[in-house]
Amino acid sequence: MPYFPDQMFFGAQGDLNPWDVRFDPSDAAFLSLESDGRVRFRLVTEPTFMSAFVVTDDGIGHPMERRFDERTLQVWETTIDPADGVGFTFALKTDDGRPVYRVPAGIANAVERLDRWTLDRSDVRRTVVPEWTRGMVMYQIFPERFRNGDPSLDAEGATPWGSEPGWLDFQGGDLVGIAEKANHLERLGIDCVYLNPIFTSPSTHRYDAIDYYSVDPALGGNDALRTLVDDLHHRGIRLIIDASFNHCHPRFFAFTDVVDKGPASRYRDWFNVTDWPARVIFRPHMLAADGYRDPVRYRDYMERFAATSGVPIEIVDGDGPAVEPTYEAWYGVPSLPRIDLATPEARRYFLDVAQHWITEYRIDGWRMDVARYVDFDFWPEFREAVKAANPDAYLIAEIMGDASIWLQGNTFDATMNYTFRQLILDFIARQTSTGHNLADGLARMYATYSPDGVASSQNLLGSHDTARFLHEAAGDADRLRLATAIQLTLPGSPGLYYGDEVGMAGGEEPASRGAFPWHDPSAWDTDQLEFVRDLTALRRFHPALRDGDLRIVGRWHDGIAFTRALGSDRVLVVIDRSPKPDAAHVTVETAVPSILWGAGTLNQSDGTLTVVPTSGVTIVGL
């Protein structure tokens, strides 16, 4: 007879091989509170097990469901309502019947006196995201290149609309133009517009803000933002804006004061000046050696910088970096002095900025640039300030890679999911991976975050910081359509980059920041446009595609099949990239399947549904 009720759940000692069974109670991906107060448990294991249980200290085993079962991992989940203070462990059984026990110390032969986690609801993460963000369709706009609605606002020397995009060249895009094309966004099925920075700045990208309280006059100013918000809200479309609180332009009032007054400036602690006075040491003869692609053009840039920034330039001979600011700057770029948000006064200023645009202009949230480069303890205060102004505001971080620590319910709601982009690039654009690789990658990606974090994170194919997907796919429009189909049917918030809906091309920035071809409708890929409109409409009609549970039910060299289910709404998606798609044989429960979208054939026999997509993607109602 066991000494403890939960000592050996399977009635036998556990196998002591070094099984890979992962659980971290401090991570919302593994343990979190649901909105109804229940607790969700998750394990990530090697692909070895046929069953898993959460075992409470009364000896009761709560079965876990195998959510993913791929070549390299399994993901197990259950949601239960245990008493606060209960102890718990995990019991698993291998495919060949061996018991395995997982306790806080690791794999164990049995559960002993100190071998339990204790459930304390006050310590369990709760990841609550705005309901409207779950599975929303997002549309990213680089304002300077979307639409020139008021040519009178154009910068002096602006190049004609549709010119080859350059680093420094303006083409006249503005917020007036975005409002003019709100019908296009509505017809496209957009739920939320994400604007790259709009604050007053001398650059096209505006990540170097001069004034965080003013919309750039070249974009139409503050009134144009107010008009745009009203117009979009009238159409049921939300709007979020983008900013960097990590760096600014040298003409930002605080840095200007530092340059003018030196160590006597009241703002000296807002920045990290390593050698007074704040200046840029410039060694023109070292530009080529340091790898600058166009030394002549960079010299011209430095002359303009000296004339417009107010920062002294000290030209010197000898060895050293070609460009050496004596103040900390983002990646050493002299026009981007880094703001030290560990300084209380600087922190208060930017928290006020965050609230101002929420309360005064009714924006619906923030996309925060280079979130990894900002002191981590700033973000909980940022969240508190924004959510105090509007609890329904959306907060998304630019994180390239694992965003786990930012998605624990106390900082951001979501991340720009560049991991998703990598998976789709490899499978569709470059075709260097297989459907098996894609299934493994998706399982790992979705197991990395809580379900809420997954539901509202931006699944993007490209952005202002990357080459466009069509460029990555060597101009193959069929690959863009297939990637768009995956993007619009997997869990998360599909993020369309402006112009992708009409097949815009462009390599690495600035080529990816071209002008939307309103001036040349003949350049539009109208098939891609209708494709996007059809799929966003399908998402609205089938809530399972917006916020349904995911199950991968098939994977082969050139394809993948998965289901989405929400209540009685159940959908099967079959994707195949080969010129002659293979037949997908999937085991799903369905009475009378029907093709909802795409072309293909169906055959049902003995619980197996066979789908042959004839155009790369078939969506089936179950």
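Scroll up to find the structure.
These remarks concern the structure in this document. Everything quoted here is computed from the prediction, not taken from an experiment. (Residues numbered from 1 in each chain as written. Predicted model: local features only at pLDDT ≥ 70, side-chain atom pairs only at ≥ 80, totals over all residues. Heavy atoms only, no water.)

## Points about the overall build of the protein chain
The number of helices and strands found in the protein chain is 14 helices and 32 strands. At 27 Å, the protein chain has a C-alpha radius of gyration in line with the 25 Å of a compact globule built from 622 residues. Taken over the C-alpha atoms alone, the protein chain extends approximately 85 × 60 × 50 Å along its principal axes. Relative to its 622 residues, the protein chain shows a buried fraction of 59%. Across the protein chain, the fraction of contacts at a sequence separation of at least 24, relative to all contacts at a separation of at least 6, is 71%. For the protein chain, the accessible surface area stands at approximately 24300 Å², while carbon and sulfur atoms represent 50% of it. In the protein chain, the 59 positive side-chain charges and the 91 negative ones have mean positions that sit 2 Å from each other. (Helix = DSSP H or I, 4+ residues; strand = E, 2+ residues; numbered from the N terminus. Rg over C-alpha atoms; globule rule 2.2 N^0.38 Å. Buried < 20%, exposed > 50% of the residue type's maximum accessible area, 1.4 Å probe, protein only. Contact = heavy atoms within 4.5 Å. Areas by Shrake-Rupley, 256 points an atom, 1.4 Å probe, with all protein chains shown as cover. Lys, Arg positive; Asp, Glu negative; His and termini not counted. Charge placed at Lys NZ, Arg CZ, Asp CG, Glu CD.)

## Examining the sheet that holds strand S31 (residues 608-613)
Sheet architecture is open: 3 strands sit in the order S28-S31-S30, paired in antiparallel fashion. Only two strands of the sheet have a single neighbouring strand rather than two, namely strand S28 (584-587) and strand S30 (600-605). Neighbour-to-neighbour, the strand axes of this sheet turn through a mean angle of 20°, independent of strand direction. (Pairing = 2+ DSSP bridges. Axes fitted to C-alpha atoms, helices over the stretch in contact; angles between N-to-C directions.)

## Considering the layout of surface pockets
The volume enclosed by the largest pocket comes to roughly 1800 Å³. Taken together, 48 residues make up the lining of the largest pocket; nearest its centre are Trp167, Leu168, His205, Val333 and Ser335. For the lining of the largest pocket, the class distribution of residues is 21 nonpolar, 12 polar and 15 charged. The volume enclosed by the second largest pocket comes to roughly 820 Å³. Glu34, Arg134, Pro451, Asp452 and Asp547 are the residues nearest the centre of the second largest pocket, which is lined by 35 residues in total. Looking at the lining of the second largest pocket, the elements that each hand over two or more residues are strand S2 (31-33), strand S3 (39-45), strand S6 (65-69), strand S7 (74-80), helix H10 (451-456), helix H14 (543-547), strand S25 (549-556) and strand S26 (559-566). Per-element tally for the lining of the second largest pocket: the top contributor is H10, with 4 residues. (1 Å grid on protein atoms, 1.4 Å probe; cavity = no way out; pocket = protein on both sides within 12 Å on 5 of 7 lines; lining within 4 Å. Points joined across faces, edges and corners; volume = space filled by probe spheres on them. Nonpolar A, V, L, I, M, F, W, Y, C, P; charged D, E, K, R; others polar.)

## A look at the pairing of S6
Consecutive residues of a regular strand have side chains that alternate between opposite faces of the sheet. Strand direction decides the pairing type here: S6 and S7, joined by 4 bridges, are antiparallel. Bridge pairing in S7 places Glu65 opposite Glu77. Where S6 folds back onto S7 in an antiparallel hairpin, the turn is made up of 4 residues.

## Considering the environment of Val323
With respect to the helices and strands, Val323 occurs in strand S19 (residues 323-325). The spacing of Val323 and Ile313 is 10 residues in sequence and 9.8 Å in space, taken between C-alpha atoms. Beyond its immediate stretch of four places on either side in the chain, Val323 contacts Val280, Ile281, Phe282, Leu287, Tyr292, Tyr298 and Pro334.

## Quick word on the pattern of salt bridges
Using the criterion set out here, one finds 52 salt bridges in the structure. A salt bridge links Arg66 to Asp69; the nearest nitrogen and oxygen atoms lie 3.7 Å apart. Residue Arg347 pairs with Glu381 through a salt bridge whose shortest N-O separation is 2.8 Å. In this pair, Arg347 sits in helix H6 (residues 344-361) while Glu381 sits in helix H7 (residues 378-389), placing the two residues 34 residues apart along the sequence. (Salt bridge = Lys/Arg side-chain N within 4 Å of Asp/Glu carboxyl O.)

## Concerning the sheet that holds strand S20 (residues 365-368)
The strand order around the closed barrel formed by 8 strands is S12-S13-S16-S20-S21-S22-S23-S24, and the pairing between neighbours is parallel. Going across the sheet, the axis of each strand differs from the next one's by a mean of 25°, ignoring polarity. Of the pairings in the sheet, the one linking S20 to strand S21 (residues 394-397) comprises 4 bridges and is parallel in character. Across the sheet, residue Trp366 finds its bridge partner in S21, namely Leu395. Packed onto the sheet, H6 meets strand S16 (238-243) and S20 and runs at close to 140° relative to S20.

## Digging into the packing of aromatic side chains
For the structure on display, the rule yields 59 aromatic pairs. Both rings, one in Phe253 and one in Tyr349, keep their centres 5.5 Å apart while their planes meet at 55°; by these two values the pair is tilted. A residue pair is termed long-range when its members are at least 10 positions apart, and Phe253 in helix H4 (residues 253-261) and Tyr349 in helix H6 qualify at 96 residues. Over the ring of Trp518 we find Lys181, and its NZ or CZ is 4.4 Å from the ring centre. Residue placement shows Arg468 over the ring face of Tyr498; its charged tip is 4.8 Å from the ring centre. (Phe/Tyr/Trp six-rings, centres within 6.5 Å; stacked < 30°, edge-to-face > 60°. Lys NZ or Arg CZ within 6 Å of the ring centre and 35° of its normal.)

## A few points about the nonpolar core
By size, the foremost hydrophobic cluster in this structure holds 162 residues, and its most contacted members are Tyr212, Phe245, Trp366 and Phe382. Residue contacts for Phe245: discarding those within four places in its chain leaves Tyr212, Ile339, Leu341, Phe350, Val353, Ala354, Trp366, Met368, Phe378 and Phe382. Residues Tyr207, Ile240, Tyr394 and Ala414 belong to the second largest nonpolar core, which totals 13 residues. (Core = buried A, V, L, I, M, F, W, Y, C linked by side-chain atoms within 4.5 Å.)

## Structural notes on helix H13 (residues 526-541)
The end-to-end C-alpha distance of H13 is 23 Å, a good match for the 22 Å that 16 residues give at a rise of 1.5 Å each. Three or more residues of H13 are buried, namely Gln528, Leu529, Phe531, Val532, Arg533, Leu535, Thr536, Leu538 and Arg539. Buried residues in H13 make contact with helix H2 (182-188), helix H12 (477-487), strand S24 (493-497), H14, strand S29 (594-597) and strand S32 (617-621). Sitting at the amino-terminal end of H13 is Asp525, which places a side-chain oxygen 3.2 Å from the backbone nitrogen of Asp527. (Expected span 1.5 Å × (residues − 1). Polar contact = N/O pair within 3.5 Å; in protein donor to acceptor, adjacent residues only side chain to side chain.)

## Quick look at helix H5 (residues 295-309)
Its 15 residues give H5 an end-to-end C-alpha distance of 20 Å, which sits within 8% of 21 Å, the value for a rise of 1.5 Å per residue. Along H5, the residues classified as buried are Tyr298, Tyr301, Met302, Phe305 and Ser309. For H5, the angular spread of buried residues about the axis comes to 100°, placing them on one side. Relative to its buried face, H5 has exposed residues pointing more than 90 degrees away, namely Val296, Glu303 and Ala307. Residues of H5 that are buried sit in contact with strand S17 (280-282), strand S18 (313-315) and S19. Looking at the residues trailing H5, positive phi occurs at Gly310, about 85°. (Arc of directions from axis to C-beta.)

## Thoughts on the pairing of S21
Every second residue of S21 is oriented toward a common face, with Tyr394 and Ile396 on one face and Leu395 and Ala397 on the other, all of them buried. Handedness of the crossover is the feature at issue here: the chain leaves S20, passes through H7, returns alongside S21, and the resulting connection is right-handed. One ladder, built from 2 bridges, connects S21 with strand S22 (residues 414-417); its direction is parallel. Along S22, the bridge assignment pairs Ala397 with Thr415. (Right-handed = clockwise from strand over helix to strand, strands pointing away.)

## Some words on unusual backbone geometry
Here Trp276 and Pro277 are connected by a cis peptide whose omega angle stands at -5°. Cis geometry marks the peptide bond from Glu509 to Pro510; its omega dihedral reads 10°. Within the fold, Pro510 resides in the loop between S24 and H13. Despite not being glycine, Arg206 has its phi angle at roughly 65°, a positive value.

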